[in-house]
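Single-letter residue listing:
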Amino acid sequence: MVWLAGASAALAQSNSIESVTSAQQGTTTYLRINLKSPPATVPAGFSISSPPRIALDLVDTANASGQNTIELPQGDVRSVAIVQSGQRSRLVLNLKRALSHTTTIDGNALVVALEPVTTAPSAGASASTYSFAKADTAAGQALRDVDFRRGRDGEGRVVVELSDSGVGVDVRQQGSTIVVDFLNTALPDNLRRRLDVGDFGTPVSSVRAFQQGDNARLVIEPTGQWEHNAYQSDTQFVVEVKPVREDPSRLAQGSQPRYRGERLSLNFQNVEVRALLQVIADFTNLNIVTSDSVSGSLTLRLKDVPWDQALDIVLQSKGLDMRRNGNVIMVAPRDELAAKEKLELEARQQIAEIEPVRTETFQLNYQKAEEVQKLLGNDKQRVLSKRGSVVIDQRTNKVFVQDTVSRLEAVRKVIEQVDVPVRQVLIEARIVEADDRFSRNLGARFGYNRINASAGSFAGRATVSGNLQGVADLTPLPTAVSAGTTLLPNANFVNLPAAAIGTIQPSSFAVSLFNSGLTRFLNLEISALEADQRGKVLSSPRVLTADQGTAIIEQGKEIPYQQATSSGATAVQFKKAVLKLEVTPQITPEGSVIMTVKVSRDNAAELLPSGVAIDTRRVETQVLVENGGTVVIGGIYEQIERDRENKVPLLGDIPILGYAFKNKERQNDRSELLVFLTPRVVTDTAMAR
């Protein structure tokens, strides 16, 4: 029935897979996939490093081979699994080791040449990393579009349109998210966004796209139980996240562990455990080595469960455990395996204590040797062994490490991670100070004078009337004068003149009334002053600093003043009155900037005997700003309104005439301080200049 179903599906497709064979020539394994008709193009594929597998997607192709799994006795390919989904068939090559592949078309067949990988994979690569096409070094690679679609079976598909098919792609799973990096690829500003796709009814809740250094990064956040795969067709790259539905026939539910083995049914009554393990080994074609201490019988009935789940159930029921090495499984009691591993670890530790040490030199390019020395020689978490040591040379910025071979390899990996160039941030601050000051003062002097012609009388001060620039006082006369001298003694009943504003003195108008004999005088002086000031101060300091590095820029002056010392002498001290910007930026993975900012604007207020009074305005905060965006981190608005009136009681309340018996002051000052910050991540030296 399976063969008839496959044959009927093959008739509906334009092409079909007839057979798969393999041959070994030297170190190269040739896999030949025979098709019904010549394929139009070479199929797209990807590889997985752990476990080593290669997947090939054949579009518009059915499975007419009559079997889903094909065992291959020769070469480095253990078996080939064929899975058909809709109009597409996927061939999964289960490898014995990591291999690189090249696919060519030979008539009606596809020939896959598999060769051993010459270079070991990077230690930082994840075990579930997909290796797609290598990144092209040509400039101008970019993402054209990022879209999300829902499949027929409820799967979520993230579809990415690439500028060309040579874009390098790195897919890996980090925790509960899927991270896709497009190497050396730019992401347009209109695609830097977060897609909320929770309403589509798929395992994917959101998709975030942002620029990570030179790479464009997608972060896919699924929920629940799911599994994913990725494939590329020409310039279209697709990440597919499928939901994992619970099977009621399974004895254990949940996503941990995930059983993916082929299903089988077991029904035994009082069967020996060793015999049951032999049945599972025959079904999976795996090599199972059973310890002599494994014994006992078991009764079980399992229907249509994955074989790896059945093996797990058998081991748990008898207190057994297993260790897998390639296609060989060793089964033994847990205590026995733990004791054996403990002995192996103790043997390794003893070997490490007597293993000869080597000295290796590391040339640092971006990191300081002192920082690396602190990192490697940390007492709480040492990278070096007890016998290891590290010495630095500050002049050449080199690090000399002496330790065992395995520890030196760990040191090399640490230095590769920390000795990297640090991105820089250009921060522009615009500090705007605006003020509007208005003051009005109005006052009067009112007095009565008379002539005293007797000798030795009181002498006052003469005044000049009609002076519009102020009333000038002449030099005081002697207190004793001769008889008949004409004097103008100053006898002001009301002395409430207008006060000065700053250094500006008020203007005045004086009038004197006198009798015909010039013996009685009535003096009236009115003074007034009005000041209106408007100003704006714009400061724009800029500073360029490295990521997570503190930068300080200040401009202003230092004010000297004298201060008494403990010995009684005086010493000259200085007080700063400057515009200061202190900032510590941190670049986030999305490309935004977190800034810890301190902005101060100090002005000298007045000089006091004990020091200098400083008028200080300070803003200190931490903000998150997108690259190139502008944020207002502080606004200080100050308004002072003051009305003051000094008057003679009762007389000052008389309408109109009361202005001669009072003094009025009015003040209305407004000031505002605004600080604008614009961070820009600098990726090019020319941009920094």
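Calculation rules
- Residues numbered from 1 in each chain as written.
- Predicted model: local features only at pLDDT ≥ 70, side-chain atom pairs only at ≥ 80, totals over all residues.
- Heavy atoms only, no water.
- UniProt positions renumbered as here; feature names shortened; annotations may be inferred.
- Pairing = 2+ DSSP bridges.
- Helix = DSSP H or I, 4+ residues; strand = E, 2+ residues; numbered from the N terminus.
- Axes fitted to C-alpha atoms, helices over the stretch in contact; angles between N-to-C directions.
- Contact = heavy atoms within 4.5 Å.
- Salt bridge = Lys/Arg side-chain N within 4 Å of Asp/Glu carboxyl O.
- Buried < 20%, exposed > 50% of the residue type's maximum accessible area, 1.4 Å probe, protein only.
- Parallel < 35°, antiparallel > 145°, perpendicular 65-115°, else oblique.
- Left-handed = near helix turned anticlockwise from the far one by under 90°.
- Nonpolar A, V, L, I, M, F, W, Y, C, P; charged D, E, K, R; others polar.

The name that an unreviewed UniProt entry assigns to the chain is Type IV pilus secretin PilQ, with the source organism given as Zeimonas arvi. In the Sequence similarities (unreviewed entry) part of its UniProt record, the chain is described as follows: "Belongs to the bacterial secretin family."

A few points about the sheet that holds strand 25 (residues 328-333)
Here we have three strands laid out as an open sheet, ordered 22-25-24, and mixed in their pairing. At either margin of the open sheet sits one strand with a lone partner, and together these are strand 22 (287-290) and strand 24 (320-325). With strand direction ignored, the average angle separating the axes of adjacent strands in the sheet is 25°. In terms of strand pairing, strand 22 meets strand 25 through four bridges, oriented parallel. Counted as the bridge partner of Val289 is Met330 from strand 25. In this fold helix 4 (residues 334-354) packs onto strand 24 and strand 25, with an angle of close to 110° to the strand it touches most, strand 25.

Observations regarding the pairing of strand 35 (residues 570-587)
By the bridge criterion, 14 bridges tie strand 34 (residues 551-564) to strand 35 in an arrangement that is antiparallel. Across the sheet, Gln555 pairs through a bridge with Leu579, a residue of strand 35. The antiparallel pairing of strand 34 with strand 35 creates a hairpin that spans five residues between the two strands, and Gly568 there sits at a positive phi of about 100°.

Regarding the pattern of salt bridges
As enumerated under the stated definition, the model contains 30 salt bridges in all. For Glu645, the salt bridge goes to Lys662, with nearest N and O atoms at 3.9 Å. Placement of the pair is Glu645 in strand 38 (residues 631-647) and Lys662 in strand 39 (residues 662-682), with a sequence separation of 17 residues. A relative accessible area of 37% means that Glu645 is categorised as partly exposed. Salt bridges sharing partners connect three or more residues here, namely Glu155, Arg157, Glu240 and Lys242.

What to know about the packing of helix 5 (residues 369-376) against helix 6 (residues 405-418)
It is at 12 Å that the axes of helix 5 and helix 6 come closest, and there the two elements cross at 135°. As judged from the angle between their axes, helix 5 and helix 6 are oblique. Crossing hand, helix 5 versus helix 6: right-handed. The residues of helix 6 that touch helix 5, namely those facing Val372, Leu375 and Leu376, are Val411, Val414, Ile415 and Val418. Within the contact of helix 5 with helix 6, the residues separate by chemical class into seven nonpolar, no polar and no charged.

Focus on the sheet that holds strand 5 (residues 61-63)
Pairing in this open sheet of five strands is mixed, and the strands run 5-1-2-10-9 from one edge to the other. Edge positions in the sheet fall to strand 5 and strand 9 (99-106), since each of these pairs with one other strand and no more. Shown here is a sheet whose adjacent strand axes are inclined to one another by a mean of 35°, direction ignored. As judged from the three bridges shared by strand 1 (residues 15-25) and strand 5, these two strands associate in the parallel manner. Each bridged residue has a counterpart across the sheet, and for Ser16 the counterpart in strand 5 is Ala62.

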